[in-house]
Number of protein chains: 4
Amino acid sequence: MSRKIRYGMVGGGRGAFIGAVHRIAANIDGQIELVCGAFSSSPHKSRASGKDFFLPAKRCYGTFQEMIEKEAVLPAEERMDFVSIVTPNHMHFPPAKMALENGFHVLSDKPATFDLKEAKALEKLVKKTRCLYGLTHNYTGYPLVKEARDLVAAGKLGKIRKVVVEYPQGWLATRLETTGQKQAGWRTDPKRSGAAGCIGDIGTHAENLAEYITGLKIKELAADLTAFVSGRKLDDDGNVLLRFIGGAKGVLHSSQISVGEENNLNIRVYGERGGLEWHQNEPNTMLLKWPDQPMQVYRTANG
Amino acid sequence: MSRKIRYGMVGGGRGAFIGAVHRIAANIDGQIELVCGAFSSSPHKSRASGKDFFLPAKRCYGTFQEMIEKEAVLPAEERMDFVSIVTPNHMHFPPAKMALENGFHVLSDKPATFDLKEAKALEKLVKKTRCLYGLTHNYTGYPLVKEARDLVAAGKLGKIRKVVVEYPQGWLATRLETTGQKQAGWRTDPKRSGAAGCIGDIGTHAENLAEYITGLKIKELAADLTAFVSGRKLDDDGNVLLRFIGGAKGVLHSSQISVGEENNLNIRVYGERGGLEWHQNEPNTMLLKWPDQPMQVYRTANG
Amino acid sequence: MSRKIRYGMVGGGRGAFIGAVHRIAANIDGQIELVCGAFSSSPHKSRASGKDFFLPAKRCYGTFQEMIEKEAVLPAEERMDFVSIVTPNHMHFPPAKMALENGFHVLSDKPATFDLKEAKALEKLVKKTRCLYGLTHNYTGYPLVKEARDLVAAGKLGKIRKVVVEYPQGWLATRLETTGQKQAGWRTDPKRSGAAGCIGDIGTHAENLAEYITGLKIKELAADLTAFVSGRKLDDDGNVLLRFIGGAKGVLHSSQISVGEENNLNIRVYGERGGLEWHQNEPNTMLLKWPDQPMQVYRTANG
Amino acid sequence: MSRKIRYGMVGGGRGAFIGAVHRIAANIDGQIELVCGAFSSSPHKSRASGKDFFLPAKRCYGTFQEMIEKEAVLPAEERMDFVSIVTPNHMHFPPAKMALENGFHVLSDKPATFDLKEAKALEKLVKKTRCLYGLTHNYTGYPLVKEARDLVAAGKLGKIRKVVVEYPQGWLATRLETTGQKQAGWRTDPKRSGAAGCIGDIGTHAENLAEYITGLKIKELAADLTAFVSGRKLDDDGNVLLRFIGGAKGVLHSSQISVGEENNLNIRVYGERGGLEWHQNEPNTMLLKWPDQPMQVYRTANG
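Anyway, here's the lowdown on the structure attached to this text. (Residues numbered from 1 in each chain as written. Chains lettered and ligands numbered in written order. Predicted model: local features only at pLDDT ≥ 70, side-chain atom pairs only at ≥ 80, totals over all residues. Heavy atoms only, no water.)

**A look at the overall build of chain A**
Each helix and strand in chain A was counted, giving nine helices and 13 strands. Relative to the globule expectation of 19 Å for 303 residues, the C-alpha radius of gyration of chain A, 21 Å, shows essentially globular dimensions. Each principal axis of the C-alpha distribution contributes one length, and for chain A these read about 65 × 50 × 40 Å. A total of 303 residues make up chain A; the buried ones form 56% of that total. By sequence separation, contacts in chain A at least 24 residues apart represent 63% of the contacts at least 6 residues apart. (Helix = DSSP H or I, 4+ residues; strand = E, 2+ residues; numbered from the N terminus. Rg over C-alpha atoms; globule rule 2.2 N^0.38 Å. Buried < 20%, exposed > 50% of the residue type's maximum accessible area, 1.4 Å probe, protein only. Contact = heavy atoms within 4.5 Å.)

Written out as structure tokens, the structure is:
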């Protein structure tokens, strides 16, 4: 392609968390550019945020509806190519739906939708349009996660037998949501987060990482979800036994009450011929394990 | 006491594994001495082993029965005080029983007995005699394991919420038991090991460590045990969800097919106010975790 | 500023190493944009490289002279603001000089110049113009390196007593430069690298890191530089004793023959009241050391 | 030998530090027994200490002279075989000398003597007698240190080029010797410690470890020793450049003012074909480094 890909963002204005992460990721290789946004439900705030990104006021919209409508009628050489959605969970599906219906590709923060019904509608819609739909499980972007997947796919570990995947955090060990902390607020609120708390917020990353690296699909599971903090409506900790199609077994646990843990996503995979271990805290290092030989510390080039 | 404590050993002759571990542990502080033994079922081998420990031939017995009978009639200032049992699982209870019945204290390698029936008989017997009965879960002997227990007991971590305990090994990832390897042989044989394979051999250490450090008792569990290696009769991997009395939850998994793992017992405990982490691979280091503060690396004095 | 800063790059075309690093760094926060370049001494290659970055052919120049001359006469709202120099060492000063003389700010890869004479000329020139001159010691860009500097400056460690800084690599343990490997070629060639080999290439990063974090200046040193690989003209290993103004002492060693080390830059700083340790292999972790207290593992927010 | 080896100890009574370490080490394999001692210069204290070890009062002597004299005239089947010396530095040579002169082997804590003159006298004496003289550099006793030495000797790393050996401690970062702390007292006192402080106390362990593992001898060195703590007479920190016979180079640094370090002895050795790294904080792990391959984490059997 002889030009940069252009995108518009829904959410991610001043004070937001994940929007900035998406923008940085989009910037890194210089192939994509932000051209418009509905950064906030307040048109004024949306324009203020857009100014931070050097966008003209006319392309800083007050709602995603306005953005999609107005961008759709811009000339082809100017209008956005895809929509990036970085709002809280309950606001993922509506802009995705409208974007797809108007011929824009979609890149959405996880989860795809608020509930199963929306998910099924989304699936149907994506199949019908010719648009691309991408869901950002960001941890699969690490070079060594991709390398881990390749190692398994190439059969270096042999048939996979066991997977241990963990995602402990500690930041919700007390009832932070009552202090006005914005991130804690929507994540512990069933109306904005959905039916799941911790297991949906981060357990899904663990599940995604396990399936992504091993190429296996979970067949059955037994889960024990708990809300440890008094008064909390959604789970803040979960332990899960996993059975994969093909016979592998596993353990997944995620937590937001594991005091002192910040963002300690990690995975271990054991096959008949070898094993691997990766921690997002030290993402440029992967441990490789072999029968009757010392463990290897595999590093990316800059490590 | 103005003299060393004296003990006799059942098992642990030349070529055995755990007997030497017991002797080293007994030697370290210079308070105990080995005075006799039934080191092998062959009287000749028993004497040869005893010679390695500078024991006189007359106190190297051919059977534990002989040892207990003959020691029982020695003068008090000479005879053994207790019996150390370091045989395979099916031979734990018989010498323990006879020792207790003859007034000798017992220190037995785990498991206490081969099955539940024996265990109940042992319990009854211990209660009846005035003898002491000790079971060696060796990992609780590490200074930092004791310190971890003390930290929890002193309330430094607050009420315990979550426990993650793991014991992965990889040495049975192939069918080693068919090669004549002695340790693999009895551990995978239901007649000598009992009803459990991996979960009994090492999962019990994990369970013991979790209860020892937290002071909590397991109330309920859901386990998924697997024999991954074709033709193996006993489990070689197990994943378990734990619920403790008082509300704590946890995960325990142990494995003998986790390729590349040697003896990687480890535990993490999270309470309302703090957490801890310990790995037997680096037993002189314990990680302490606190809300909103950096993790601490706590070392024993020589570390 | 209500627009992005614009820059032109000298060097960094297809097949180059450090140019891509500079472009990524420039992209991340979305405040800067690449608008032109003399990416190669071949005008054809320069245009091909520029196309990778979506630059129009007319702003892909064949030489830095051409770039500076032509950009200087573009309208203010279009022309570059600064020049980024990412060529081998002997080509750092000439474009910097010409850029400064034509009113462009300069951001140069280290070292600033090929020799001391050039360095003094550069110093004079920078003082004379009103332009900014920046030298990229990239490792100081890590968040925790900046935090380390702040910790020392705030007196948290007390008066600094000892610094240990290391930069071991192993990639030149054999005579790679005779195989046509481009990076090894110029780095071991006195005509392109300058008077120093390893100590100039990476020892300088170690020196920079030590002075950057501690705020101290080296007063005296004793160095033992060696060319271990037979036939090599420049040092590939160096050990240095350091004395800082104010009384701190230290050790610096860097190496390109430390087999198995990739890019293991690290530093330890000890003051009267505390110490710190940082490794670029795990750049989001810093160890903090205190008297009579456990070491702390300090992590950046995502860690 | 069909009996245990018997030894007597000089020093090491209640309240002492290194004596207990020697006794534990002697106990472990059950081949040696403590039969007598001059544990303290007070006969009363000596007997009290001996009682802790179940020794009869008559073999708990008030002075090493008395011990050597009386043991020398005991019957062969009863008297000690060797003397273990665990006193402060200035009291190493006198008992060693007398023991050797009376036909007893000697195992002495390091350093062998207080000064060079004594060392030369000791050398002469050892050559004259048929007795064995052993000096305990305890760190060479670790299994992996011996394995490291074997790896180098077997040529696995190729010709050795570079050695980095460190021994940082932090316990003397303040003037602890003025508080009555016994260990700090004699170590910082030239009359009891000798001409060297830190470099003699622990730098020697680093030097010993480097020569032990590599089999190389130091030919030349340049050292920068410092007493950082005001009023201290002996060095508490030292940085040293090393040159070995045969061309290898190295760095040695030891410190007692590196705040937060407990006993962090470690070494890295790089040869033409491979490298190794060992830390006494985690003594059962050794890192092996190879060209163009991931680093290996080599563990002892229990690791």
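**So, the pairing of strand β1 (residues 5–10) of chain B**
Residue and element names in this part refer to chain B. Most of β1 sits out of view: five of its six residues are buried. When β1 meets strand β2 (residues 32–38), the two strands line up parallel, connected through six bridges. Bridge pairing links tyrosine 7 to leucine 34 in β2. After leaving β1, the chain enters helix α1 (residues 18–27) and then returns to the sheet as β2, a path that is right-handed. Where β1 lies against strand β3 (residues 82–85), four bridges are found, and the strand directions are parallel. Within β3, the position partnered with glycine 8 by the bridge is valine 83. (Pairing = 2+ DSSP bridges. Right-handed = clockwise from strand over helix to strand, strands pointing away.)

**With respect to the environment of arginine 243 of chain D**
Turning to its location among the elements, arginine 243 of chain D is positioned in strand β8 (residues 237–244). Here arginine 243 of chain D falls in the partly exposed class, since its relative accessible area comes to 33%. Placed 132 residues apart in sequence, arginine 243 of chain D and proline 111 of chain D show a C-alpha to C-alpha distance of 23 Å. Setting aside chain neighbours within four positions, we find arginine 243 of chain D in contact with Asp224 of chain C together with Ile218, Lys219, Glu220, Ala248 and Lys249 of chain D.

**Here we look at the relation of the copies chain D and chain B**
Mapping chain D onto chain B calls for a rotation angle of 180 degrees and an axial translation of 0.1 Å; the resulting RMSD is 0.1 Å. Such a combination of turn and shift is consistent with a two-fold rotation axis. Both copies share a contact surface, since 100% of the interface residues of chain D are interface residues in chain B too. (Least-squares fit on C-alpha atoms with pLDDT ≥ 70 in both.)

**A short note on the environment of proline 291 of chain B**
Topologically, proline 291 of chain B is positioned in the loop between β12 (285–290) and β13 (293–299). For the pair proline 291 of chain B and lysine 45 of chain B, spaced 246 residues apart in sequence, the C-alpha to C-alpha distance is 58 Å. The contacts of proline 291 of chain B, once residues within four sequence positions are left out, are Val259 of chain A together with Arg273 of chain B.

**Remarks on the interface of chain B and chain A**
Contact with chain B, which involves 42 residues of that partner, is made by 40 residues of chain A. Taken together, the two surfaces of chain B and chain A that pack against each other cover about 3,000 Å², and 52% of this comes from carbon and sulfur. Linking chain B with chain A are ten salt bridges. For arginine 268 of chain A, the salt bridge identified is with glutamate 166 of chain B, shortest N-O distance 2.6 Å. Among the elements that take part in the side of chain B that touches chain A, strand β8 (residues 237–244) of chain B stands out by supplying seven residues, more than any other. Broken down by class, the residue content of the side of chain B that touches chain A amounts to 16 nonpolar, 13 polar and 13 charged. (Buried area = accessible area lost by both parts, 1.4 Å probe. Salt bridge = Lys/Arg side-chain N within 4 Å of Asp/Glu carboxyl O. Nonpolar A, V, L, I, M, F, W, Y, C, P; charged D, E, K, R; others polar.)

**As for helix α9 (residues 198–214) of chain D**
Residues and elements named next belong to chain D. End to end, α9 covers 23 Å across 17 residues, agreeing with the expected 24 Å (1.5 Å per residue, within 8%). At threonine 204, α9 shows its maximal bend, which comes to roughly 35 degrees. Burial of α9 is extensive: 14 of the 17 residues sit out of reach of the surface. (Expected span 1.5 Å × (residues − 1). Bend = angle between axes of the 7 residues up to and from the residue.)

**Focus: the sheet that holds strand β4 (residues 105–109) of chain D**
Residues and elements named next belong to chain D. Here five strands make up an open sheet; going across it, the order is β2-β1-β3-β4-β5 and the pairing parallel. What marks the edges here is a single partner per strand, and that holds for β2 (32–38) and β5 (133–136). On average, adjacent strands in this sheet sit at an angle of 25 degrees to one another, irrespective of strand direction. (Axes fitted to C-alpha atoms, helices over the stretch in contact; angles between N-to-C directions.)

**Regarding unusual backbone geometry**
In terms of backbone geometry, most residues other than glycine have negative phi values and most peptide bonds are trans. All names here are of chain A. The amide bond that connects lysine 110 to the next residue, proline 111, takes the cis arrangement and shows omega of 0 degrees. Here proline 111 is to be found in the loop between β4 (105–109) and α5 (116–128). Phi is positive for aspartate 292, close to 55 degrees, though the residue is something other than glycine. Residue position: aspartate 292 is located in the loop between β12 (285–290) and β13 (293–299). Given a relative accessible area of 84%, aspartate 292 falls into the exposed group.

**Thoughts on the sheet that holds strand β1 (residues 5–10) of chain C**
All names here are of chain C. What the five strands build is an open sheet, ordered β2-β1-β3-β4-β5; its pairing is parallel. The two strands at the open ends of the sheet, each matched to only one other strand, are β2 (32–38) and β5 (133–136). For this sheet, the mean inter-axis angle between neighbouring strands, taken without regard to orientation, is 25 degrees.

**Brief notes about a nonpolar patch on the surface**
Together, Ile24 and Ile28 of chain A together with Ile24 and Ile28 of chain C give the surface a local cluster of nonpolar side chains, amounting to about 280 Å² of exposed area. Residue position: isoleucine 28 of chain A is located in the loop between α1 (18–27) and β2 (32–38). Looking at isoleucine 28 of chain A, the relative accessible area reads 33%, which means it is partly exposed. (Patch = residues over 30% accessible without salt bridge, like charges linked within 9 Å, V, L, I, M, F, W, Y side chains within 5 Å. Areas by Shrake-Rupley, 256 points an atom, 1.4 Å probe, with all protein chains shown as cover.)

**Quick notes on helix α4 (residues 93–101) of chain A**
Residue and element names in this part refer to chain A. Taken together, the buried positions of α4 are occupied by Phe93, Pro95, Ala96, Met98, Ala99 and Leu100. Where α4 is buried, its residues touch β1 (5–10), α3 (64–72), β3 (82–85), β4, α5 and β5 (133–136). After α4 finishes, the residue glycine 103 shows a positive phi value of roughly 85 degrees.

**A closer look at the nonpolar core**
All names here are of chain D. If you look at the biggest cluster of nonpolar residues, it comprises 34 residues, and the most contacted ones within it are Ile160, Ile213, Ile267, Val269, Leu276 and Trp278. Mapped onto this core, the elements with two or more residues apiece are α6 (143–153), β6 (160–168), α9, β8, β10 (266–271), β11 (275–279) and β12 (285–290). Ranked by residue count, the leading element in this core is α9, at eight residues. Apart from residues no more than four positions distant in its own chain, valine 269 is found in contact with Leu157, Ile160, Lys162, Val163, Ile213, Thr214, Gly274, Gly275 and Leu276. (Core = buried A, V, L, I, M, F, W, Y, C linked by side-chain atoms within 4.5 Å.)

**Comments concerning the pairing of β3 of chain A**
All names here are of chain A. On β3, burial covers both faces: Phe82 and Ser84 on one face and Val83 and Ile85 on the other are all buried. Relative to β4, β3 is paired through four bridges, and the arrangement is parallel. Bridge pairing in β4 links phenylalanine 82 to histidine 105. Assessed by its sense of winding, the connection that carries the chain from β3 through α4 to β4 is right-handed.

**A few points about the side chain of serine 84 of chain A**
Residue and element names in this part refer to chain A. Structurally, the position occupied by serine 84 is in strand β3. A relative accessible area of 2% places serine 84 in the buried class. Apart from residues lying up to four places away in sequence, serine 84 is in contact with Tyr7, Gly8, Met9, Val10, His22 and Leu107.

**Some thoughts on the environment of methionine 91 of chain C**
All names here are of chain C. Tracing the sequence through the fold places methionine 91 in the loop between β3 (82–85) and α4 (93–101). For methionine 91, a relative accessible area of 28% translates into the label partly exposed. Separated by 81 residues in sequence, methionine 91 and valine 10 place their C-alpha atoms 9.5 Å apart.

**So, the packing of aromatic side chains**
Tallying each qualifying case throughout the model produces 16 aromatic pairs over all chains. Seen in terms of ring centroids, tyrosine 142 of chain B and tryptophan 278 of chain B are 5.2 Å apart; in terms of plane orientation they differ by 55 degrees. Their pairing is tilted. Of this pair, tyrosine 142 of chain B sits in the loop between β5 (133–136) and α6 (143–153) while tryptophan 278 of chain B sits in strand β11 (residues 275–279), and the two are 136 residues apart along the sequence. With a centroid separation of 5.8 Å and 80 degrees between ring planes, the pair formed by tyrosine 139 of chain D and tyrosine 167 of chain D is classed as edge-to-face. One end of the pair, tyrosine 139 of chain D, is in the loop between β5 and α6; the other, tyrosine 167 of chain D, is in strand β6, with 28 residues separating them in the sequence. For tyrosine 139 of chain D, a relative accessible area of 9% translates into the label buried. Here the guanidinium or amino end of arginine 149 of chain A rests over the ring plane of tyrosine 212 of chain A, the centre of that ring lying 4.4 Å away. (Phe/Tyr/Trp six-rings, centres within 6.5 Å; stacked < 30°, edge-to-face > 60°. Lys NZ or Arg CZ within 6 Å of the ring centre and 35° of its normal.)

**Describing the interface of chain D and chain B**
With 23 residues of chain D at the contact, the number on the chain B side is 23 residues. At the boundary of chain D with chain B, total buried surface from both sides reaches about 1,900 Å², with 45% on carbon and sulfur atoms. Counting every contact that joins chain D to chain B gives three residue pairs in polar contact (both at pLDDT 80 or more). Its residues assigned to classes, the side of chain D that touches chain B shows six nonpolar, ten polar and seven charged. (Polar contact = N/O pair within 3.5 Å; in protein donor to acceptor, adjacent residues only side chain to side chain.)

**A short note on the packing of helix α6 (residues 143–153) of chain C against helix α9 (residues 198–214) of chain C**
All names here are of chain C. Contact geometry for α6 and α9: axes closest at 7 Å, N-to-C directions at 45 degrees. Here α9 runs oblique to α6, going by the angle between their axes. Contact residues: Val145, Lys146, Ala148, Arg149 and Val152 in α6; Leu209, Tyr212, Ile213 and Thr214 in α9. Taken together, the residues of the contact of α6 with α9 sort by class into six nonpolar, one polar and two charged. (Parallel < 35°, antiparallel > 145°, perpendicular 65-115°, else oblique.)

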